[in-house]
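Here is what each chain is made of, one letter per residue.
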Amino acid sequence: MADRVTVIGWDGSPLTAAARSALAAATLVAGAGHHLALPEIPPTAERIRLGSLGLAARRIAAHRGTAVVLADGDPGFFGVVRTLRAPEHGLEVEVVPAVSSVAAAFARAGMPWDDAQVVVAQRRTLRRAVNVCRAHPKVAVLTSPGAGPAELALLLDGVHRTFVICEELGTEREQVTVLTSDKAADHSWRDPNVVIVIGGAGAAVTSTAQLARLGPRPGDLVWDIGAGSGAFAVDAAAFGAAVIAVDADPEACARVTAAARQRGVQLQVVNGRAPHALESLAEPDVVRVGGGGAAVVAACADRRPERIVTHAATRDEAEAIDRALTERGYAVACELLQSVGLDTRTWAEQGRSVVFLIAAERPPIR
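Report on the accompanying structure. Everything quoted here is computed from the prediction, not taken from an experiment.

Thresholds applied
Every chain is numbered on its own, with residues counted from 1 as its sequence reads. Only residues with pLDDT of 70 or above have their local features reported here, since the model is predicted, and side-chain atom pairs are shown and tallied only from 80 upward, although totals for entire chains, interfaces and linings are computed over all residues. Each side-chain value is derived from all of the structure's non-hydrogen atoms; neither hydrogens nor water enter the calculation. Strands here mean DSSP runs of E at least two residues long; helices mean DSSP runs of H or I at least four residues long; both are numbered from the N terminus. Any residue under 20% of the maximum accessible area for its type is buried, any over 50% is exposed, and the rest in between are partly exposed; the area is computed with a 1.4 Å probe on protein chains only. Per-residue and other accessible areas were derived by the Shrake-Rupley procedure at a 1.4 Å probe size, with only the shown protein chains allowed to occlude residues. Between two residues, a contact is recorded if the distance between any of their heavy atoms is within 4.5 Å. Lining residues are defined by having an atom within 4 Å of a point belonging to a cavity or pocket. Those points lie on a 1 Å grid over the protein atoms alone, cavities being sets where a 1.4 Å probe fits but cannot get out and pockets being open sets with protein on both sides within 12 Å along at least five of seven lines. Grid points are joined across faces, edges and corners, and a volume is the space filled by probe spheres set on the points. Three residue categories are used. Nonpolar comprises Ala, Val, Leu, Ile, Met, Phe, Trp, Tyr, Cys and Pro, charged comprises Asp, Glu, Lys and Arg, and polar comprises the others, including Gly. Throughout, nonpolar core names a set of buried Ala, Val, Leu, Ile, Met, Phe, Trp, Tyr and Cys residues whose side chains join them through atoms within 4.5 Å.

## Here's the deal with the overall build of the protein chain
- From N to C terminus, the protein chain includes 13 helices and 17 strands.
- Each principal axis of the C-alpha distribution contributes one length, and for the protein chain these read about 75 × 50 × 40 Å.
- Counting across all 366 residues of the protein chain, residues that qualify as buried make up 49%.
- Of the accessible surface of the protein chain, which amounts to about 17,300 Å², a share of 50% is contributed by carbon and sulfur atoms.

Have a look at this one:
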């Protein structure tokens, strides 16, 4: 049996001192291909590419020396620790954790996840994972080859959801894509990936997609124009951005203030109607326009933020917003989002919402 087994979680950030020390002493290292390419691995160490966890665990148990297992994210969260500690292998392990891939995915999407379901999708369990996505409005799916975003989308045929697909988190090739479930089957997706599956009320889906597009972060100033319930503003503030929430309705402003207090975040609330209410505000980095149409979007674009997101209920409105942004030098992308509320007792439709999601990015200043 191995003298010592250390499981190291890796989220793409530099290895901790404890992780580097364990690797330096390793005589056997197991992990995926990108783990085994890490320069900290001793050149003399035996390397095992993880495929079958059970087979790898048996080889580690038979090894005479010091073993290290590298895994993405937190290895104790739907990870390899459970397999290594199974009674048939008899391995005692030390764990050096990292941020789980699920936590990282929700962070990239700008969403809280204390109310999310988390499931693992493998070929033999894919149907059950899809059923969780049918029944719950927010689900994180840890995928595997043959049970990825495309396969999820195919089995969800007829059930409309929004997918936030996070590929190769923590690497230089990391990419986050937001699209409706009916489009996911038309793409090839890189492993490993996490899929956040969002369903339910159209406003919630739109807000989620807008957060993912804007990606507010510490140091950014976010304008939320037409803040409404304050859901977007509060989520943006929770991720460390400075937020100014603007709404013409005093009651809406009171709701935003209450939501921020309940969440424990700081933001500024301005009672006023755009575009006039925007004139004295500090310059924004990113802007979400929740209402006001092309005129308000144009006024925001004139302040030259890096990114703008908004939505439109009709194609004519979407085209007017596109023209306003394009004329001001922004690169514009538009997606059609559709959400269907379902009664999970009968799977009957309770309501359908369709919205055009418009995202604009200012070209780099040279």
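## Looking at the environment of Ala359
- Of note, Ala359 is situated in strand S17 (residues 348–361).
- Note: C-alpha distance between Ala359 and Tyr330 (29 residues apart in sequence) is 9.5 Å.
- Not counting the four nearest positions on each side in its chain, Ala359 is found in contact with Arg213, Ile308, Val309, Ala331, Val332 and Ala333.

## Things to note about empty space enclosed by the protein
- Applying the stated criterion across every chain yields a total of 3 cavities of 30 Å³ or more.
- One number sums up the size of the largest cavity: a volume of about 40 Å³.
- Forming the boundary of the largest cavity are Trp10, Asp11, Gly12, His34, Asp72, Glu168, Leu169, Thr171 and Pro192.
- Class assignment for the residues of the lining of the largest cavity results in 3 nonpolar, 3 polar and 3 charged.

## A few points about the nonpolar core
- Counting residues in each nonpolar core, the largest one holds 25 residues, and the members touching the most others are Trp223, Ile225, Val246, Leu278, Cys300, Ile308 and Leu325.
- At the level of secondary structure, the elements contributing two or more residues to this core comprise strand S11 (221–225), strand S12 (242–247), strand S14 (286–289), helix H12 (293–301), strand S15 (307–312), helix H13 (315–327) and S17.
- Broken down by element, the residue count for this core peaks at 4 residues, all from H12.
- Apart from residues no more than four positions distant in its own chain, Ile308 is found in contact with Leu214, Val287, Val289, Cys300, Ala301, Leu325, Tyr330, Ile358, Ala359 and Ala360.
- Counting residues in each nonpolar core, the second largest holds 21 residues, with Val119, Ala129, Ala184 and Val195 among its members.

## So, the layout of surface pockets
- Within this model, the largest pocket holds a volume of roughly 1,400 Å³.
- Taken together, 46 residues make up the lining of the largest pocket; nearest its centre are Phe78, Gly79, Val80, Thr143 and Pro192.
- Of all the secondary structure elements, the ones that give two or more residues to the lining of the largest pocket are helix H2 (33–36), strand S4 (66–72), helix H4 (81–84), helix H5 (101–109) and strand S10 (193–198).
- The leading source of residues in the lining of the largest pocket is H5, at 5 residues.

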